[in-house]
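Structure assessment
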Amino acid sequence: MARRAIVIGLDAMSPKLTLRFVKEGILPNIKELMDRGVFAKAPPCYPAWTPTNWSTVATGAYPGTHGIFMWGTHKPGKAHEEQSRGQAMSSSLCEAEYIWEAAARAKRKSVLFYFVGYPQTTDKAIHVDWFMNPGSYYFELCPAACYTNQGPVGEKLSFKPCTGWRNLPNASTKPLEASIQVTPKSGGAGPTYEILLTGTRGTYDTVLISKEKDFDKAVALQVGQWSRWLHEEFRLDQRKVIAPVRFKLVELSKDGSQLRLYRSQVYPLEGFTVPHGLARTLTKRFGPYINEGVGEAFYRGWIDWETLEEEYRYQIEWVGAASRYLMESTKAALYFNHWHFLDLLQHHCLGKVDPVGGEFDPSKAEEAWDRLRKGYVLADMLVGELASIADGDTLMIVVSDHGNSPNRKRVSLVNLFLDKGWMRASPGPDGKMSLDPTRSKAFINSLHIYVNLKGREPGGIVTPEEYE
């Protein structure tokens, strides 16, 4: 019997695409696990949604048992709008025992890396980051950003002739300056950087980044170069937080009219783990931590695919090193990891490669296939990193919560229900029509239909005799 188990959760990983890419020879780590073990398609629990199925993976229970059967839940007696969506991945809604709670009863430790089931329910489980919501990160100080002088993409940079800079070298190209403010998403204040655009021989080729107008203290970047991590002070609700910031110059035209300066997601150096002080140990050993905020940056047009891959390779190597350290130092018996990029990737690409998908375009299909392959190669890299932790007494599991398919059609049940008189709508203060629960016999909440039953729903109007 295996002494340990490592569960690698690849969100939305498609068995069809996995088999296709394994046959193409681009997923060596996944192929090795398949050759040594088994491969099977697993029907997801319905609805085939992220919180529902990761809660099933985490507990082994059906949604009717663990209670997370939508993006959140609906409890009898609560208004239909109250879904607790923000707690969909949280232990506060889960009514079944987590596998790591069962392990704790056997006095075994677990490591949960960006997984569901927080806040902590046992002191024998270590949490690194919390999987809150795709595209939302619980401990993130600042999302990734792009600073540009090109139209509507990213945050606008307005350059003007520079003044007051010290130690400027003689240059044949007139230096231009701008400034950027890194502001925490929850409010407060972060660092302000002075940006200097410079070059020689009448062209621009360098961007300098500095906290003050001093050429000698600035970080100089040319196209394709990353800055070092800059450790800066952020002020949040009367407290100070030190967090690392880094930049990459993605694009700069010779005349300076096309500039894109990318900034990585900002996480603090400590506080994103339970126990609290563990984060500081990890960042001291392995450098600053980032999550997956780069994916949306690519699809917003802020960065190129090369930059996306650089960010993910950094993140994957960090996760691998930190996971190895935690499993070895704590002698943990269980490891759970969640990685969401394949879900985002397929939302953008599947419709472009499926001939009956809603977005299919033969001229774009090859590029979309290329991105799918590269995304799965990154997933395979993560599998390889975490598989290196395993020994002869380790059970390795790669699992997905659901697959993915392109959207083809959409219909409105709301219109049908309104036509039949099962739902009623009333104008709100802004004139827009909204559901009137006091006159509706049923209401729709995402994929679920609820009968407005007397004695169960607030203001219920359907009698028990009429219920069936």
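Quantities reported herein were computed from a predicted structural model and do not represent experimental measurements.

**Points about the overall build of the chain**
Broken down by element type, the chain carries 12 helices and 21 strands. Viewed in the frame of its principal axes, the chain has a C-alpha envelope of about 90 × 65 × 55 Å. Relative to its full complement of 468 residues, the chain shows a buried share of 50%. The contacts of the chain with a sequence gap of at least 6 include a subset with a gap of at least 24, amounting to 59%. As displayed, the chain offers around 22600 Å² of accessible surface, 51% of which is attributable to carbon and sulfur atoms.

**So, the side chain of asparagine 452**
Residue position: asparagine 452 is located in the loop between strand 21 (448–451) and helix 12 (464–467). Assessed through its relative accessible area of 2%, asparagine 452 is described here as buried. Within the local environment of asparagine 452, its side chain forms a polar contact with the backbone oxygen of serine 440, the two atoms lying 2.8 Å apart. In contact with asparagine 452, other than residues within four places in its own chain, are Pro437, Ser440, Lys441, Ala442, Phe443, Glu457, Pro458, Gly459, Gly460, Ile461 and Val462.

**What about the sheet that holds strand 17 (residues 394–399)?**
Taken in spatial order, the 6 strands of this open sheet run 15-3-2-16-1-17, and their pairing is mixed. The outermost strands of the open sheet, each flanked by one partner alone, are strand 15 (273–274) and strand 17. Pairing analysis gives 2 bridges linking strand 3 (residues 125–130) to strand 15, with the strands arranged antiparallel. Bridge pairing links histidine 127 to valine 274 in strand 15. The sheet contacts of helix 3 (residues 50–59) involve strand 1 (4–10), strand 2 (110–115), strand 16 (334–339) and strand 17, and relative to strand 2 the element is tilted by about 175°.

**Section: the sheet that holds strand 8 (residues 192–198)**
Strand order in the open sheet made by the 5 strands is 6-7-8-9-10, with antiparallel pairing throughout. Edge strands, defined here as strands with exactly one partner in the open sheet, are strand 6 (160–161) and strand 10 (219–221). With 6 bridges joining them, strand 7 (residues 176–181) and strand 8 adopt antiparallel strand pairing. Bridged to isoleucine 180 within strand 8 is tyrosine 193.

**Side note on helix 3**
Of all 10 residues in helix 3, 9 are buried, a share of seventy percent or more. Of all the positions in helix 3, only Thr50, Pro51, Thr52, Asn53, Trp54, Ser55, Thr56, Ala58 and Thr59 are classed as buried. Where the residues of helix 3 are buried, they touch strand 1, helix 4 (63–66), helix 5 (99–105), strand 2, strand 16 and strand 17. Just downstream of helix 3 lies glycine 60, where phi reads positive at about 75°.

**A look at the pattern of salt bridges**
What the rule picks out here adds up to 25 salt bridges. Between glutamate 95 and lysine 75 there is a salt bridge; the shortest N-O distance is 2.4 Å. Of this pair, glutamate 95 sits in the loop between helix 4 and helix 5 while lysine 75 sits in the loop between helix 4 and helix 5, and the two are 20 residues apart along the sequence.

**A word on the nonpolar core**
Ranked by internal contacts, the top residues of the largest apolar core, which has 96 residues, are Leu10, Ile303, Leu308, Trp339, Phe341 and Leu372. With sequence-adjacent residues up to four places away left out, leucine 10 is seen in contact with Trp54, Trp339, Leu342, Ala379, Leu382, Val383, Val398, Val399 and Ser400. In terms of nonpolar packing, the next biggest core, distinct from the first, is built from 28 residues, Val207, Ile209, Phe234 and Phe247 among them.

**With respect to a nonpolar patch on the surface**
On the surface, a nonpolar cluster with roughly 250 Å² of combined accessible area is contributed by Leu413, Leu416 and Ile449. Among the structural elements, leucine 413 can be located in helix 11 (residues 413–420).

**Let's talk about the side chain of threonine 394**
Inspection of the secondary structure assignment puts threonine 394 in strand 17. What makes threonine 394 buried here is its relative accessible area of 14%. Polar contacts involving the side chain of threonine 394 include one to the side chain of arginine 4, which spans 3.5 Å.

Conventions used here
Residues numbered from 1 in each chain as written. Predicted model: local features only at pLDDT ≥ 70, side-chain atom pairs only at ≥ 80, totals over all residues. Heavy atoms only, no water. Helix = DSSP H or I, 4+ residues; strand = E, 2+ residues; numbered from the N terminus. Buried < 20%, exposed > 50% of the residue type's maximum accessible area, 1.4 Å probe, protein only. Contact = heavy atoms within 4.5 Å. Areas by Shrake-Rupley, 256 points an atom, 1.4 Å probe, with all protein chains shown as cover. Polar contact = N/O pair within 3.5 Å; in protein donor to acceptor, adjacent residues only side chain to side chain. Pairing = 2+ DSSP bridges. Axes fitted to C-alpha atoms, helices over the stretch in contact; angles between N-to-C directions. Salt bridge = Lys/Arg side-chain N within 4 Å of Asp/Glu carboxyl O. Core = buried A, V, L, I, M, F, W, Y, C linked by side-chain atoms within 4.5 Å. Patch = residues over 30% accessible without salt bridge, like charges linked within 9 Å, V, L, I, M, F, W, Y side chains within 5 Å.

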